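Residue-level structural notes
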Amino acid sequence: MCSVSLASSGFVVTYQGAKASGMADAFVAQANDPSANYYNPAGLASLEGNQFSLGMILANQNKWEFRGQVKNPDTGTYAEGSAGARNNILVAPHFYFAHNFGNGLATGLGVTASYPLSVAWSPSSSLARYSKENNMLPLTINPNIAYKLKDYGLSFGAGFNYTYVIASQEMLYSAAQTGSVPLYGRAEVTGGGWGYNLGLKWEPLDYLSFGATYRGKMHIDMSGDLSATTTALSSGSSWTGLPSSHVNTSVNLPAMTVIGAAVKPTKDLVVEFDAQFTEFSSYISPTGTWKDVWAYRLGGQYSLNKNWDLRAGYAFDNNPIADSKVGPNLPDSDRHTVTAGFGYHNDRWAFDMSVGNMNCTNRTVDNDIQKGSYRLNVPFAQTTVTMKF
């Protein structure tokens, strides 16, 4: 989904390394730095020695605007108005380690935040009556192993992952919902779940490579507390000490398949095209079932000399939510993303940086909550530092 994601529509952040994001994440067939732990674990078998990477992505993901009519949940009538989401800078770190044993066998570890979510509407916004704030803060730990059949240029990779999630939602429950009086409520839950990933990389020629990876669906059970009050809290006030009750919920993080091909038309230029299929139909949102979607990525890198590289890319992501299901808790639309970046590397260090802009197409909606259109533009930047030893 467009608001919080930075990747195949929904709430998936696939930009997990500055080198890859500089090419709009068209990287599954290259996977030639420690971020292979995330993009394609089979690529670990082609890395040399020990490599350690650390970085983060910064994105202003809450620049949502809405113009149109919003339904009052108490009276059932619609009123003209506009709304804006509060500015919120998303910070998603990543850490990778890769070790090659020298006999075709390699191992690695990735620590990422692939599913962050944050949508916060201004408290005075009419949309805050339905969803004032939603947050999901994940942390995924992903060890991997890879093996390369050197005579065939064929590598295999596999791993498992554990994701721990801290999630919260704050909103106003109308008198019609509670059956008595309006309540201001905040739910805070935590939980975790297990998953797995597989990877394949084939380099039949020096100038041609293919890659594929699969991340399985992950079911996460969460529990926590729901606090409520009949009086709106001022900004920054604590919910601690308010009447609360225990709540249980769950979320399915969708399975994802990526296939791609990279070609080197010259010794200094590599171009890659990827297609990504995300099974969002497994995710049951408060507004109903989503649909499976495709995303497409085209990126390239040009080597200026033995130390400096330039990168650029373009991605198109389809959205998984039908018009009738779009709401302020997670508005969505198709998106176009353009990225650029550079890298410096020597025998011991590598520094990569990328910038990008995600432009979400205006989303016109007409359903039981709102009649109007959403729009969003998300600038982002990412850096990764790699040490080789």
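A count of helical and extended segments in the chain gives three helices and 21 strands. Per-residue burial for the chain yields a buried fraction of 52% across its 389 residues. The long-range fraction of contacts in the chain, counting pairs at least 24 apart against all pairs at least 6 apart in sequence, stands at 67%. Carbon and sulfur atoms make up 59% of the accessible area of the chain, which amounts to about 16600 Å² in all.

It is worth spelling out the packing of aromatic side chains at this point. Throughout the structure, instances matching the rule amount to 13 aromatic pairs. A centroid spacing of 5.1 Å and a plane angle of 65° characterise the contact between Phe52 and Phe95, whose relative ring orientation is edge-to-face. Taken as a pair, Phe52 in strand 1 (residues 50-60) and Phe95 in strand 4 (residues 89-100) lie far apart in primary sequence, 43 residues in all. Ring plane angle 50° and centroid distance 6.2 Å describe the contact between Phe342 and Phe351, whose orientation is recorded as tilted. Note on Phe351: relative accessible area 32%, which makes it partly exposed. An aromatic cluster is defined as three or more aromatic residues linked by ring pairs; in this entry it consists of Trp308, Phe342, Tyr344 and Phe351.

Here the focus is the pattern of salt bridges. Pairing of side chains with opposite charge becomes possible as their charged atoms draw close. Applying the stated criterion across every chain yields a total of six salt bridges. Note that Arg297 is salt-bridged to Asp317, the shortest N-O span being 3.2 Å. You can see Arg297 sitting in strand 17 (residues 293-303) and its partner Asp317 sitting in strand 18 (residues 308-317), a full 20 residues away along the chain. The two residues Arg297 and Asp317 agree in class, both being buried. Because the salt bridges share partners, they merge into one network encompassing Arg297, Asp317 and Arg335.

Summing up the model confidence of the chain, the mean pLDDT is 84 and the portion of residues at 70 or higher is 80%. No element of the chain has a lower mean pLDDT than strand 15 (residues 284-285), at 56, and none a higher one than strand 10 (residues 208-215), at 98. Across residues 1-10 the pLDDT falls below 50, and counting only partners more than four positions away or on other chains, this stretch makes 82 contacts in the model.

So, about the pairing of strand 4. Burial along strand 4 is one-sided: Leu90, Ala92, His94, Tyr96, Ala98 and Asn100 are buried, and none of Ile89, Val91, Pro93, Phe95, Phe97 and His99, which face the opposite way, are. Sheet analysis places strand 1 next to strand 4, joined by 11 bridges and oriented antiparallel. By the bridge assignment for strand 4, Phe52 is matched with Phe97. Pairing analysis gives seven bridges linking strand 4 to strand 5 (residues 105-112), with the strands arranged antiparallel. Following the sheet pairing, Ala98 is matched in strand 5 by Gly108.

In this fold, Thr163 is placed in strand 8 (residues 154-173). For the pair Thr163 and Gly191, spaced 28 residues apart in sequence, the C-alpha to C-alpha distance is 8.5 Å. Not counting the four nearest positions on each side in its chain, Thr163 is found in contact with Pro138, Leu139, Thr140, Gly191, Gly192, Gly193, Met218, Ile220 and Leu253. For Thr163, the side chain forms a polar contact with the side chain of Thr140, separated by 2.7 Å.

We now examine the environment of Asn359. Along the chain, the position of Asn359 falls in strand 20 (residues 349-366). Taking C-alpha positions, Asn359 is 8.6 Å from Asp334, a pair spaced 25 residues apart along the chain. Beyond its immediate sequence surroundings of up to four residues, Asn359 is in contact with Asp334, Arg335, His336, Leu376 and Asn377.

Moving on, we get to the nonpolar core. Counting 13 residues, the largest nonpolar core has Tyr15, Ile57, Ala59, Met358, Leu376, Val378 and Phe380 as the members making the most contacts within it. Contributing elements (two or more residues each) for this core: strand 1, strand 4, strand 20 and strand 21 (370-388). Per-element accounting of this core gives the leading share, three residues, to strand 21. Listed in part, the 10 residues of the second largest apolar core include Phe280, Trp290, Val326 and Tyr374.

So, on to the environment of Thr383. Residue placement: Thr383 occurs in strand 21. Sequence separation between Thr383 and Asp352 is 31 residues, and the spatial gap between their C-alpha atoms is 5.7 Å.

A separate point is the pairing of strand 21. Along a regular strand, successive side chains alternate from one face of the sheet to the other. Across nine bridges, strand 1 lies against strand 21 in antiparallel orientation. Within strand 21, the position partnered with Gly55 by the bridge is Thr384. Examined bridge by bridge, strand 20 and strand 21 share 16 bridges and lie antiparallel to one another. Across the sheet, residue Trp349 finds its bridge partner in strand 21, namely Met387. From the end of strand 20 to the start of strand 21, which pair antiparallel, there are three residues.

Rules used throughout
- Residues numbered from 1 in each chain as written.
- Predicted model: local features only at pLDDT ≥ 70, side-chain atom pairs only at ≥ 80, totals over all residues.
- Heavy atoms only, no water.
- Helix = DSSP H or I, 4+ residues; strand = E, 2+ residues; numbered from the N terminus.
- Buried < 20%, exposed > 50% of the residue type's maximum accessible area, 1.4 Å probe, protein only.
- Contact = heavy atoms within 4.5 Å.
- Areas by Shrake-Rupley, 256 points an atom, 1.4 Å probe, with all protein chains shown as cover.
- Phe/Tyr/Trp six-rings, centres within 6.5 Å; stacked < 30°, edge-to-face > 60°.
- Salt bridge = Lys/Arg side-chain N within 4 Å of Asp/Glu carboxyl O.
- pLDDT = per-residue confidence, 0-100.
- Pairing = 2+ DSSP bridges.
- Polar contact = N/O pair within 3.5 Å; in protein donor to acceptor, adjacent residues only side chain to side chain.
- Core = buried A, V, L, I, M, F, W, Y, C linked by side-chain atoms within 4.5 Å.

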